[in-house]
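If you want the building blocks of each chain, they are given just below.
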Amino acid sequence: MNEEYKPSPEFVSKVMEQVHAYEATRTSFVEWFNNHPFIRYALAGGGTLFGVFKAVPVF
């Protein structure tokens, strides 16, 4: 078996179509993290508490 395997162009295009379709359906961790409502509320609440506690020594 000295012949090198060469896939047909149809095979490569079909596989790449499937790969592109799969990648289009995935959501990145950053998108999920930014769009998750609990995380958004937790960050907003944490920022509020941080601001209040940093302002307390001023008074």
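Residues numbered from 1 in each chain as written. Predicted model: local features only at pLDDT ≥ 70, side-chain atom pairs only at ≥ 80, totals over all residues. Heavy atoms only, no water.

Peer 1: I'd love a proper account of the pattern of salt bridges, names of residues and values included.
Peer 2: For the structure on display, the rule yields 1 salt bridge. Between E23 and R26 there is a salt bridge, and its shortest N-O distance comes to 3.5 Å. (Salt bridge = Lys/Arg side-chain N within 4 Å of Asp/Glu carboxyl O.)

Peer 1: Give a description of the packing of aromatic side chains that names residues and reports values.
Peer 2: What the rule picks out here adds up to 2 aromatic pairs. Where F29 meets F33, the ring centres are 5.7 Å apart and the plane angle is 35°; that geometry is what we call tilted. Placement of both F29 and F33 in helix 2 (residues 29–35) is noted, with a separation of 4 residues, approximately one turn of the helix. The structure contains a cluster of three or more aromatic residues connected by ring pairs, namely F29, W32 and F33. (Phe/Tyr/Trp six-rings, centres within 6.5 Å; stacked < 30°, edge-to-face > 60°. Helix = DSSP H or I, 4+ residues; strand = E, 2+ residues; numbered from the N terminus.)

Function cannot be read off these values alone, since they describe shape.
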